Amino acid sequence: MAIASPFWGIDDLVAELRAIRLHSLKERHRREHPPKLPARKVLAQIVEQLGAVLFPNRLGRPDLTDEGIDYFVGQTLDSLLRDLSRQIALELQFVAEQNGETIDVWRRASELTREFAAKLPGVRLLIDSDIRAAYEGDPAARCPDEVLACYPGITAVIHHRVAHLLYGLGLPLVARIVSEIAHSATGIDIHPGARIADSFFIDHGTGVVIGETAIIGRRVRLYQAVTLGAKRFAKDENGLLVKGNARHPIVEDDVVIYAGATILGRITIGRGSTIGGNVWLTHSVPPGSQVSQAQVRSEMYESGAGI
């Protein structure tokens, strides 16, 4: 057993940190029940294993044979779903304690894990459409396998497909951790609540932000530094932010949004529209629109907003 060196003042630091920790728990009325949250490292491993399950030939073990794939997928699924069930149970217990409720945490976690697993084939089909959209939309992509292995946009979308599924099952904390793992790795920030249809492609990707209540249609393409954000944050009579209201854009099918565009508020970008680079847009546009930075600036001056 290692002995703490007195040179560092470890004993004093431990005591001081303990006092701060206990004071914080007391202020939050959690002294008797310190919160135990889902583990980011465990969830990162689960998502990595899910990638191997969904794409065993490309993201699984390099020594897999045709005869061994199904065994690998089944064994890996069993392991990761057990781990996921434990993480789900931690969120359920945390929420139950906050609300003063008593539930059978392990039974409910098992039910939710089974629901999650049943939806995985649909997730695989969605990701296939995203990979296909990236390959067809980027002339630099030499094959779909390269897209899956290399593109940060696909990494972020895979995490989002998993996170959105968890979010829909009523597990926002686990879902948010999964999405933030991708955010840290890719610089792409997609809230797990965002609803994104098939064939979605983020090219380059760094700096993309997609808010919780955004709705994105089929075959939409975004470039780096695009923001689908909120224009303002409503407050209640006590001055606290209103949670969950629809405040992010709706992007209809077949829309392209170029680098640096900022689209704010619950507005609609009509089907087949193209939004140019660095555009700042806070009003809806009809289907088939071609919106450029110069056009938006001209509209602002005509309305007096730029004077």
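The structure we're discussing is the one just above.
Predicted model only: the values in this text are computed from it and were never measured. (Residues numbered from 1 in each chain as written. Predicted model: local features only at pLDDT ≥ 70, side-chain atom pairs only at ≥ 80, totals over all residues. Heavy atoms only, no water.)

Concerning the overall build of the protein chain
Going by this rule: Helix and strand assignments follow DSSP, with helices taken as H or I runs no shorter than four residues and strands as E runs no shorter than two, numbered in order from the N terminus. We call a residue buried when its accessible area falls under 20% of the maximum for its residue type, exposed when it is over 50%, and partly exposed in between, using a 1.4 Å probe and counting protein chains only. Note that accessible areas follow from Shrake-Rupley with a 1.4 Å probe, and for residues the cover is restricted to the protein chains shown. The sign given to each residue is positive for Lys and Arg and negative for Asp and Glu; His and the chain ends receive no count. Note on charges: their place is set at NZ of Lys, CZ of Arg, CG of Asp or CD of Glu.
Of regular secondary structure, the protein chain possesses 10 helices and 14 strands. The C-alpha extent of the protein chain, read off along each of the three principal axes, is 70 × 60 × 45 Å. Taken across its 307 residues, the protein chain has 41% of its residues classed as buried. When the accessible surface of the protein chain is split by element, carbon and sulfur atoms take 55% of a total near 17200 Å². Averaging the positions of the 34 positive and the 36 negative side-chain charges in the protein chain gives two centres separated by 4 Å.

Some words on the pattern of salt bridges
Filter applied, for reference: Take a side-chain nitrogen of Lys or Arg and a carboxyl oxygen of Asp or Glu: if they are within 4 Å of each other, that pair is a salt bridge.
Counting across every chain of the model gives 15 salt bridges. A salt bridge links Glu180 to Arg176, with the shortest nitrogen-to-oxygen separation between them at 3.2 Å. Residue Glu180 and its partner Arg176 are both found in helix α9 (residues 172–186); the two are separated by 4 residues, about one turn of the helix. Three or more residues are tied together by salt bridges with common partners; here these are Asp104, Arg107, Arg108 and Glu111.

Points about the packing of helix α6 (residues 120–137) against helix α8 (residues 152–168)
For clarity, the cut-off: Structural elements are reduced to axes, namely lines fitted to C-alpha atoms, with helices fitted over the stretch in contact, and the angle between N-to-C directions of any two is expressed from 0 to 180 degrees. Orientation categories follow fixed angle ranges, with anything under 35 degrees roughly parallel, anything over 145 roughly antiparallel, 65 to 115 roughly perpendicular, and all other angles oblique. Crossings are assigned a handedness: left-handed for a near helix turned anticlockwise from the far helix by less than a right angle, right-handed for a clockwise turn. For this analysis, residues touch if any pair of their heavy atoms sits within 4.5 Å. Asp, Glu, Lys and Arg are counted as charged, while Ala, Val, Leu, Ile, Met, Phe, Trp, Tyr, Cys and Pro are counted as nonpolar; the rest, among them Gly, fall into the polar class.
Direction vectors running N to C along α6 and α8 enclose 155°, while the axes themselves pass 10 Å from each other. Between α6 and α8, the crossing angle belongs to the class labelled roughly antiparallel. Viewed along their axes, α6 and α8 form a crossing whose handedness is right-handed. The segment α6 lies against α8, with Val123, Leu126, Ile127, Asp130, Ile131 and Ala134 engaging Ile154, Val157, Ile158, Arg161 and Leu165. Grouping the constituent residues of the contact of α6 with α8 by class yields 9 nonpolar, no polar and 2 charged.

Focus on the sheet that holds strand β14 (residues 290–291)
The line we're drawing: By the convention used here, strands pair only if DSSP detects at least 2 bridges between them.
Strands sit in the order β3-β6-β9-β12-β14 across an open sheet of 5 strands; the sheet is parallel. Edge strands, defined here as strands with exactly one partner in the open sheet, are β3 (201–202) and β14. For strand β9 (residues 256–257) and strand β12 (residues 274–275), the ladder comprises 2 bridges, and the chain directions are parallel. Its bridge partner being in β12, Val256 is matched across the sheet by Thr274.

Section: the nonpolar core
Put simply, the rule is: Nine residue types can take part in a nonpolar core, namely buried Ala, Val, Leu, Ile, Met, Phe, Trp, Tyr and Cys, and a core is a set of them joined through side-chain atoms within 4.5 Å.
In terms of nonpolar packing, the biggest core is built from 46 residues, with Leu43, Leu84, Phe116, Ile154 and Leu166 touching the most fellow members. Looking at which element gives the most residues to this core, the answer is helix α4 (residues 66–99), with 9 residues. Apart from residues lying up to four places away in sequence, Ile154 is in contact with Asp130, Ile131, Ala134, Val147 and Leu148. Core analysis: the next-biggest nonpolar cluster, separate from the first, contains 28 residues, Val157, Ala194, Leu228 and Ile263 among them.

Let's talk about the side chain of Thr186
Defined as follows: Pairing of N or O atoms within 3.5 Å defines a polar contact, subject to two protein rules: one partner must be a possible hydrogen donor and the other a possible acceptor, and residues neighboring in sequence count only if both atoms are side-chain atoms.
On the secondary structure map, Thr186 appears in helix α9. Engagement of the side chain of Thr186 in a polar contact is seen with the backbone oxygen of Ala182, the distance being 2.7 Å. Of note is the side chain of Thr186, whose polar atom sits 3.1 Å from the backbone nitrogen of Ile188. Ignoring sequence-local partners within four residues, the contact set of Thr186 consists of Pro152, Thr155, Ala156 and Thr206.

Let's talk about the packing of α4 against α9
Contact geometry for α4 and α9: axes closest at 8 Å, N-to-C directions at 130°. When the axis of α4 is compared with that of α9, the two are oblique. Contacts between α4 and α9 involve Gln87, Ile88, Glu91 and Phe94 on the former and, on the latter, Pro172, Leu173 and Val174. For the contact of α4 with α9, a count of residues per class yields 5 nonpolar, 1 polar and 1 charged.

Regarding α8
Worth spelling out the cut-off: What a helix is expected to span follows from its residue count: subtract one and scale by 1.5 Å.
Under the 1.5 Å per step criterion, the end-to-end length of α8 is 24 Å for 17 residues, consistent within 8% with the ideal 24 Å. Taken across its 17 residues, α8 has 12 buried, putting it largely inside the fold. Among the residues of α8, Gly153, Ile154, Ala156, Val157, Ile158, His159, His160, Arg161, Val162, Ala163, Leu165 and Leu166 are the ones counted as buried. Downstream of α8 by one or two residues, Gly170 has phi in the positive range, about 85°.

Observations regarding the sheet that holds strand β10 (residues 262–264)
Spatially, the 5 strands line up as an open sheet ordered β1-β4-β7-β10-β13, and their pairing is parallel. Looking at strand neighbours, the two that pair on one side only are β1 (189–190) and β13 (280–281), the edges of this open sheet.

Notes on the environment of Ala246
Of note, Ala246 is situated in the loop between β7 (227–229) and β8 (250–251). We classify Ala246 as partly exposed; its relative accessible area is 46%. With 16 residues separating them in the primary sequence, Ala246 and Ala230 have C-alpha atoms 8.9 Å apart. Residues within four places of Ala246 in sequence aside, it is in contact with Thr213 and Arg266.

Honestly, it's all geometry; don't read function into it.
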